[in-house]
Amino acid sequence: MSPSPDDVATTPTVAAPAEPSQAEDAGAAAQAPEEGEAPPAALASDDKAPAAPVKKDSPPVQPDEREPAPRNVLLYTVFSLLCMGVALWLVFAWMGYKEKYAQQTEGWYLGSTKMIEITLIQADKKNLSCASDQFFGDVHCAYHRDTKPFGTTPENDPHILQPFNTVKNELFLAAGLWQSPVLSGTLPTERFTVVCNYHVIGVLKAVALRWSPTGNFGPVDKSVAVGTVSDCVIPQ
Amino acid sequence: MKLPTTHDVKELLRGKLAHARQTWAAMSATERFVTVCLTIMVVGGVVIRIQGVPWPNWFTFDEEPFVKNAHNYALGIPDSNDHPPFGKLIISVGMLIFGYNSLGWRFGPLLFGLQTVLLAYWLGRLAFGNKRAGLMAAAFVAADGFFISYSRSGLLDGTMISFMLWGVVAAFAARTWKGVIASAVLIGLSTSIKWSGVMTVIPAAVGLLVMRRVSIFSILWLGLVPIVHTLVWMGALKLTHKPSDPAATWKVIIDLYKHHLDLGHYHNDLSSPWYGWPILLHPVVIKMSTSGLKSRYSSSVGNLILWATSTLLVVGFPLATTVIAVRTRFRRYWLTMFGASTTRGVLVMLVGWFAFMAPWLATRSTRGNYTFSHYYLPCYAFLLVMIAGMASHLERKHGKVIAGYVGLVLAMAIFFAPVWGEFAITTVTANHRLWFHNWRP
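Bear in mind that the values here come from a model prediction, so they are computed numbers and not experimental data. (Residues numbered from 1 in each chain as written. Chains lettered and ligands numbered in written order. Predicted model: local features only at pLDDT ≥ 70, side-chain atom pairs only at ≥ 80, totals over all residues. Heavy atoms only, no water.)

Right, let's get into the overall build of chain A. In terms of helices and strands, chain A carries 6 helices and 10 strands. Here chain A holds 236 residues, and the buried ones make up 42% of them. By sequence separation, contacts in chain A at least 24 residues apart represent 64% of the contacts at least 6 residues apart. Of the roughly 13100 Å² of accessible surface on chain A, 56% is carried by carbon and sulfur atoms. (Helix = DSSP H or I, 4+ residues; strand = E, 2+ residues; numbered from the N terminus. Buried < 20%, exposed > 50% of the residue type's maximum accessible area, 1.4 Å probe, protein only. Contact = heavy atoms within 4.5 Å. Areas by Shrake-Rupley, 256 points an atom, 1.4 Å probe, with all protein chains shown as cover.)

Below, the structure is given as structure tokens:
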């Protein structure tokens with residue numbers, strides 16, 4: 001590649017003498033110049049160093065062609081950072097990202113309906129259970145507080161609560177998920193998410209949860225919203 | 001000082017364009033192919049970093065403690081995180097611009113992630129003395145998932161790397177003691193993001209020695225690094241209405257140091273020992289979100305072509321250099337291949353690699369296995385610049401080999417882009433790229 005016109009203009013015309021002991025060393029660097037003088041990177045240009053005696057039969061040493069270093073590199077980097085910052089800000093402002101990704105501030109409160117996104121796998125039908133004696137109308141957990149079963153399961157009873165986490169890691173109890181039309185057929189074999197409307201009908205304080213059919217129930221140390229889900233869809 | 005007029009700017013741009021045309025015309029077909037590949041990598045790397053960066057709009061991986069403490073700075077509430085304050089202050093600036101949302105807290109790391117690409121260019125150009133090395137270094141950093149993933153999340157490491165490279169670039173560019181001070185300030189800022197940033201002093205000092213532009217005593221200005229670090233910390237304490245005199249600041253630093261020594265007692269499933277980093281034992285998926293049947297991944301698995309090359313060179317290059325140092329008759333053959341200048345640049349980059357590995361080798365007795373693959377990020381940055389320097393040198397004689405290599409790097413980047421840039425893909429598609437169990441979330 002040909003050097004830039006700027007580089008040519010700044011290339012020193014006088015090469016520094018290479019030290020005799022390093023004459024064979026194609027990268028032999030010259031003595032350090034005074035501060036603020038011409039760049040020694042160029043001084044170290046070995047192709048400009050006096051030719052060293054070369055032994056017969058030895059392959060030619062490839063010269064190092066160092067381009068002279070530009071001045072004001074730090075200014076360029078600061079300027080480019082500012083330009084990139086402004087450009088990014090313009091791009092995001094133009095795309096309306098601020099509004100699109102602004103944090104939702106709606107809370108969970110009794111009687112509210114909230115859109116939630118839940119991550120599921122097929123086995124969650126059986127994996128997830130709660131234990132509590134509390135009833136919310138017909139809605140209740142699959143197990144009593146002493147972990148004895150009520151006798152019905154979430155797969156076939158739309159009133160049985162199960163614990164779930166939203167994709168934002170918010171814990172809640174919901175009933176009626178598996179009766180949703182979108183989940184009544186063949187389910188995906190991989191992990192998937194569903195988006196549903198969640199109607200908050202109450203709050204459970206003392207509840208124990210289980211995340212696998214063979215696991216133990218563990219108490220939860222916080223209040224958990226209780227509700228039913230409807231209008232579920234799998235986002236495409 | 002006279003400000004440039006519109007005419008001056010137009011003339012400058014016209015000159016640059018003419019020069020670019022001239023350069024292109026002077027290139028061989030192979031060089032043109034490599035240039036096109038490198039350009040695609042840089043442009044693609046920039047686009048992949050920016051697109052969809054605010055998704056998901058909730059915390060992923062370790063974002064929560066950093067973002068919440070960054071928010072604390074904006075509110076004037078004390079920071080309870082176990083890292084120095086500067087990285088969180090940068091995150092808080094993003095939130096001041098865009099608000100307390102996922103774009104706000106990822107804006108700073110994204111901006112400095114892009115700056116890293118540019119700094120890789122400058123480091124390659126300065127360390128190896130040619131623009132081609134700079135372009136290759138920028139392209140390699142741009143097209144590597146390790147850097148892409150940390151540019152897309154509200155974490156500290158990507159920003160720390162940016163200041164680290166900036167400090168080394170300043171050292172390589174320094175012509176007077178003022179340049180060394182600029183380097184010290186930038187390294188001090190890097191250290192004020194994560195303490196490991198202080199190791200930048202070593203490659204910076206070696207760079208100053210190699211470039212021989214400043215007096216050897218000027219290197220002592222690098223001693224300003226701890227002062228810059230302390231000043232930043234004092235400012236942060238003042239911002240949060242905590243005692244900010246030097247004694248109180250020193251106490252905060254010492255307490256945090258003791259806390260870090262104690263981290264070896266903790267366990268984390270994502271941790272990996274130092275010897276696992278060069279062989280990609282446990283790269284972390286640092287962002288993941290599922291929507292419907294598809295998921296979005298941002299894995300920190302690197303570009304496998306570059307990764308394999310870097311690991312092989314870390315072992316091979318010092319061995320070869322030792323051999324030619326001991327058996328001087330091999331030197332001539334070695335110099336035929338690489339030249340002394342390239343060899344020097346490579347060795348400086350290896351010093352950078354080792355400087356950032358050394359703390360984890362030295363503290364293994366206290367930290368145990370509580371170390372993570374992202375500690376390798378600064379080491380890897382030096383290695384990519386090193387590969388760029390070697391490739392640009394070899395291109396002069398072995399253009400076709402380098403063209404093939406660069407083509408492979410680009411192909412690998414295109415193949416892995418979906419799991420670096422959070423494209424919506426199925427688990428099966430992701431697993432075609434995240435080959436091993438340890439690579440998966």
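Right, picking up where we left off after that structure.
Residues and elements named next belong to chain A. In space, the 7 strands of this open sheet follow the order β1-β7-β10-β6-β5-β4-β3, with mixed pairing throughout. Two strands lie at the open edges of the sheet, namely β1 (113-120) and β3 (135-136), each paired on one side alone. Bridge count for β3 against strand β4 (residues 139-141) is 2 bridges, and the pairing is antiparallel. Among the inter-strand pairings, Phe135 is bridged to a residue of β4, identified as His140. (Pairing = 2+ DSSP bridges.)

So, on to a nonpolar patch on the surface. On the surface, a cluster of nonpolar side chains totalling about 580 Å² of accessible area is made up of Val86, Trp89 and Leu90 of chain A together with Val93, Leu96 and Ile97 of chain B. Listing elements by their share of the nonpolar patch, those giving two or more residues are α3 (73-95) of chain A together with α4 (86-98) of chain B. Of note, Val93 of chain B is situated in helix α4. (Patch = residues over 30% accessible without salt bridge, like charges linked within 9 Å, V, L, I, M, F, W, Y side chains within 5 Å. Salt bridge = Lys/Arg side-chain N within 4 Å of Asp/Glu carboxyl O.)

When the charged atoms of two side chains with opposite charge come close together, those side chains can pair. Residue and element names in this part refer to chain B. All chains considered together, the criterion is met by 10 salt bridges over all chains. Two residues, Asp157 and Lys194, come together in a salt bridge whose shortest N-O distance is 2.8 Å. One end of the pair, Asp157, is in helix α8 (residues 157-173); the other, Lys194, is in the loop between α9 (177-191) and α10 (201-211), with 37 residues separating them in the sequence. Put simply, Asp255 and Lys251 hold a salt bridge, and the shortest N to O gap is 2.9 Å. One end of the pair is Asp255 and the other is Lys251, both in helix α12 (residues 246-261) and 4 residues apart, which spans about a single turn.

To continue, consider the nonpolar core. Core analysis: the biggest nonpolar cluster contains 136 residues, and Phe92 of chain A together with Phe140, Met349 and Tyr376 of chain B have the highest contact counts within it. Sort the elements by how many residues they give to this core and helix α5 (residues 102-128) of chain B lands first, with 16 residues. The next biggest cluster of nonpolar side chains, apart from the first, holds 20 residues, and it includes Leu120, Tyr198, Ala225 and Val229 of chain A. (Core = buried A, V, L, I, M, F, W, Y, C linked by side-chain atoms within 4.5 Å.)

With that settled, consider the packing of α10 of chain B against helix α15 (residues 340-362) of chain B. All names here are of chain B. The N-to-C vectors of α10 and α15 enclose an angle of 160°; their axes lie 8 Å apart at closest approach. Relative to α15, the element α10 is oriented roughly antiparallel. Read as a crossing pair, α10 and α15 show a hand that is right-handed. Contacts between α10 and α15 pair Ile202, Pro203, Val206, Gly207 and Val210 from the former with Arg344, Val348, Val351, Gly352 and Ala355 from the latter. (Axes fitted to C-alpha atoms, helices over the stretch in contact; angles between N-to-C directions. Parallel < 35°, antiparallel > 145°, perpendicular 65-115°, else oblique. Left-handed = near helix turned anticlockwise from the far one by under 90°.)

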